[in-house]
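Residues per chain, in single letters:
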Amino acid sequence: MSRPRRTDFRPKNANIAKKSRISRKRQLPKKPRERRNLEPQRSVSGAQDPFPGPAPVPVEVARKFRRIDKSKKLPHSKSKTRSRLEVAEAEEEEISIKAARSELLLAEEPGFLEGEDGEDTAKIRQADIVEAVDIASAAKHFDLNLRQFGPYRLNYSPTGRHLAFGGRRGHVATLDWVTKRLMCEINVMEAVRDIRFLHSEALLAVAQNRWLHIYDNQGIELHCIRRCDRVTRLEFLPFHFLLATASETGFLTYLDVSVGKIMAALNARAGRLDVMTKNPYNAVIHLGHSNGTVSLWSPAMKEPLAKILCHRGGVRAVAVDSTGTYMATSGLDHQLKIFDLRGTFQPLGARTLPQGAGHLAFSQRGLLAAGMGDVVNIWAGQGKASPPSLEQPYLTHRLSGHVHGLHFCPFEDVLGVGHNGGITSMLVPGAAEPNFDGLESNPYRSQKQRQEWEVKALLEKVPAELICLDPRALAEVDVISLEQEKKERIERLGYDPEAKAPFQPKPKQKGRSSTASLVKRKRKVMDEEHRDKVRQSLEQQPQKQEKKAKPLRARPSALDRFVR
Amino acid sequence: MKVKMLSRNPDNYVRETKLDLQRVPRNYDPTLHPFEVPREYVRALNATKLERVFAKPFLGSLDGHRDGVNCLAKHPKSLATVLSGACDGEVRIWNLTKRKCIRTIQAHEGFVRGICTRFCGTSFFTVGDDKTVKQWKMDGPGYGEEEEPLHTILGKTVYTGIDHHWKEAVFATCGQQVDIWDEQRTSPVCSMTWGFDSISSVKFNPIETFLLGSCASDRNIVLYDMRQATPLKKVILDMRTNTICWNPMEAFIFTAANEDYNLYTFDMRALDTPVMVHMDHVSAVLDVDYSPTGKEFVSASFDKSVRIFPVDKSRSREVYHTKRMQHVICVKWTSDSKYIMCGSDEMNIRLWKANASEKLGVLTSREKAAKDYNQKLKEKFQHHPHIKGIACHCHLPKSIYSQIQEQRIMKEARRRKEVNRLKHSKPGSVSVVSEKKKHIVAVVK
């Protein structure tokens, strides 16, 4: 669509003396872009574009893709650095808009369950849901009655395609639960306390009574790791290829499954470790203790990264959501609390349960499932980013035995429950992320794709030393080292190379360069700098005074002498 | 109740036949891709390590000269042709793709001091110790013809260097003074001199083609204007400059290869401070040449190594050395910015890759994408200590390594004395001179 051309009003053959170029400036419109937008775009057929301009971009979606935290104030920097930062920020803005536009290509929508006319969704039974949905989804609900081999714990593989379960009396099985094809079924002749898939469905870790065993998905025992003894709980950190084990002896051991080395064996110094979960956002292990605290561990440190006091009694279950923002804990004081992990570590919500929840699990879209006795309650929040509201449960279900294990299936709207009577697969509409990324975990991958993915994942295995509370710490400038380097350089050179050179007035002509005027100019610059310094120090003074004034607000008491 | 379960149709996710491509749906949501920064860091580490693994820059050597190679010249129109002049007066023309010598000329008696090609590529000029300037045809002599120069000019003094104008039929020689010659005449159009010492090299500016730079034995670099036939200004350094080279992308920047083991990049408009001092060689720097991109240059030194420097950094990014390569006298960067040729004392011309780990030849689009991604990753994480250590690591021959240690100790001692002098004298009496200004003695206009 081109702009209408300007017709030349001068006749071509007229003998007009050419004026100088300087005076005959061509009249260009001053803001060509705006003009283009206001004029309706006309095509040859005369039709107009009903939606002129670029397509609108949903702002919240674009915000999701931004990584620069604009609220952080940057220290004063040189103009070159500032201009580079501006360019980087503008680029990031553009790219986040492009990524927001690409959301249009996502094929699937998340599931939902809504009650009509104020109907309570918690009263809807699984049987009703099964009747109302299509056949393929209805087939995802099944019950395995296995009363013989004890209460079951279960685990879904990272793609959500395969299920492994282990009973207390030694029954271990892995199957593709979508096609119900059994991969292996063995009895390990020992009590099974926990079971976990490793990075793919090919390997399985089973915490047996005495030691930790690793099995193939065909049931062949590959390894028996005797250093991990009396393990109660297992967690696998997929991007670090680390298997974390919590044992009755009070040790938290990290085993690197790609190399086969024990990376760290940390003494938690809190007695028997029974309650463990991982934070999928930063690969930190959360351990719950009997004094009501939850401690956060990383294999790089011998001491916990943080300790949070959560409950009045012992902590019985901990779960962290997939973005690492919320932690749900339940304790012997029958409370279920949700904490904010990225910021204040303060409780956001609490609820008293009639019976304490022994098991907690978060789904990919932020639904929280709690297993209390033989009842499973699920709470939902407003959207993916908000914490689940604990007022009214979203769904409930009663099982045929006491709950011993809960795990949401990764990319399906299904919650797997292991209980006394076997395994139940519950339908939970809206639990899972509908659009997976084919290069990360693809439930429909072929054998070749799995092999390629495994090789790439092993090549980019993150070293265990990099686990810390903020996974983006590597991208930040190490301010302490930089300042240290600067100090060392000043010491070495004897002077500061970056200090502002003292003002040298430039020599001017016509008598403005006499000694008196040079001195005057120097003085002027010095006075300005002095004034700036004084202003800065005045600004800093009230801040200091505020800090000092704070603790003296309450009534003076005898314990004030201990206030620092 | 309204209920909808997430149910995927496998037909949309699984390929229909074995001959189809696999379907890979993408979702760029950051929550599905945790640990972005650590994974990128590990990828950058791998990329840096692989770069070192694949760093095999030496391509081959051109064998044939019977005495040390004194000067090199590039053919302006053909990437595969290079001319070299040796210390026994022989000039050879090589084909780089076949790595063979295609023509040999006994041009002078004595050293071939300089060789330069005409901008059209049809002829080239040589100067030698026998006080002559000869012009030769680029194509070989026909059948039955003898090897004869097109033109011979006899001079009175030894000429030590020659350079041809980038656009006109004019060339300049240097010896006792800088002479500007017209190709049709046998005597110089004008002679310019400033001072009384011999001049070792002369170079025309490729962009502002009327400008010339020359290096003289009395430690100065003089800039001339051909239109006014006068010298413009000169800068006097601590030690003698061996050659200069103009930046082909920035009209006013040139780099000088100095005897005090450093290279100085000057802005012609402000000669009192060099833009950058490049310090990495451990012996006199003999030759320098810019990459056609104007972002890097290569320097040849009397310590038996060739170094590649970025224009804006003071440390080299790469050092090339071989056991067999002795003092490197001349170096050139080919016009496609991919290869470096260096001629050395021991009669060989060696061909190296400019980027040591680059894969030569046509790359597929996936290879290109992977290469670009790895390049960006290495840039992003270049300051992290592990990655920096791996990227900077290079093997140096023992002689250079021990020289570096020795010179570091000497520099430290000098610096310590200066710092002590500064600390223990009245403030303001001892002035602090930056490293850049230390080596400039004076600028004369």
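Residues numbered from 1 in each chain as written. Chains lettered and ligands numbered in written order. Predicted model: local features only at pLDDT ≥ 70, side-chain atom pairs only at ≥ 80, totals over all residues. Heavy atoms only, no water.

Draft legend 1. Fine view of the overall build of chain B. Broken down by element type, chain B carries 5 helices and 30 strands. Among the 445 residues that make up chain B, the fraction classed as buried is 48%. Within chain B, contacts between residues separated by at least 24 positions form 48% of all contacts whose residues are at least 6 apart in sequence. When the accessible surface of chain B is totalled, it reaches about 22,300 Å², and 53% of it is carbon and sulfur. (Helix = DSSP H or I, 4+ residues; strand = E, 2+ residues; numbered from the N terminus. Buried < 20%, exposed > 50% of the residue type's maximum accessible area, 1.4 Å probe, protein only. Contact = heavy atoms within 4.5 Å. Areas by Shrake-Rupley, 256 points an atom, 1.4 Å probe, with all protein chains shown as cover.)

Draft legend 2. Representation of unusual backbone geometry in the model. The backbone of H334(A) sits at a positive phi, close to 60°, despite the residue not being glycine. You can see H334(A) is positioned in the loop between β20 (326–331) and β21 (335–340). The backbone of M347(B) sits at a positive phi, close to 65°, despite the residue not being glycine.

Draft legend 3. How the structure looks around the packing of aromatic side chains. Scanning the model with the defined rule gives 19 aromatic pairs over all chains in all. When the centroid spacing of 6.2 Å and the interplanar angle of 75° are considered together, the rings of Y159(B) and W181(B) count as edge-to-face. One end of the pair, Y159(B), is in the loop between β10 (151–154) and β11 (161–164); the other, W181(B), is in strand β13 (residues 178–182), and 22 residues separate them in sequence. Just as Y159(B) is buried, W181(B) falls in that class too. Seen from their ring centres, W246(B) and F254(B) are 5.2 Å apart, and the 55° between their planes marks the pair as tilted. This pair shows no difference in class: W246(B) is buried, exactly as F254(B) is. Clustering of aromatic rings is evident, with ring pairs tying together F411(A), F436(A), Y444(A) and Y13(B). (Phe/Tyr/Trp six-rings, centres within 6.5 Å; stacked < 30°, edge-to-face > 60°.)

Draft legend 4. Structural view of the sheet that holds strand β27 (residues 328–333) of chain B. Residues and elements named next belong to chain B. The antiparallel open sheet is built from 4 strands, whose spatial order is β2-β29-β28-β27. For this open sheet the edge positions go to β2 (58–63) and β27, each flanked by a neighbour on one side alone. Taken over all neighbouring pairs, the strand axes of this sheet differ in orientation by 20° on average, direction set aside. One ladder, built from 5 bridges, connects β27 with strand β28 (residues 339–344); its direction is antiparallel. Bridging from a neighbouring strand, V331 pairs with C342 of β28. (Pairing = 2+ DSSP bridges. Axes fitted to C-alpha atoms, helices over the stretch in contact; angles between N-to-C directions.)

Draft legend 5. Main features of the UniProt feature "domain: BING4 C-terminal" (unreviewed entry) in chain A. When the UniProt feature table is mapped onto this chain, "domain: BING4 C-terminal" (unreviewed entry) is found at residues 393–471 of chain A. Secondary structure across residues 393–471 of chain A divides into 16% helix and 28% strand, with the first and last C-alpha atoms of the span separated by 33 Å. (UniProt positions renumbered as here; feature names shortened; annotations may be inferred.)

Draft legend 6. Inspection of the pattern of salt bridges at higher detail. Under the counting rule described, the total for this entry stands at 52 salt bridges over all chains. As a salt-bridge pair, D437(A) and R26(B) come within 3.0 Å of each other at their nearest N and O atoms. Taken as a pair, D437(A) in the loop between β29 (422–427) and α6 (447–459) and R26(B) in the loop between β1 (2–4) and α1 (36–53) lie in two separate chains rather than in one. In this structure, R535(A) and D532(A) form a salt bridge, with 3.5 Å as the shortest nitrogen-oxygen distance. Of this pair, R535(A) and D532(A) both sit in helix α8 (residues 515–549), 3 residues apart, which is roughly one turn of the helix. R535(A) gets classed as partly exposed once you look at its relative accessible area, which sits at 48%. With a relative accessible area of 40%, D532(A) lands in the partly exposed category. (Salt bridge = Lys/Arg side-chain N within 4 Å of Asp/Glu carboxyl O.)

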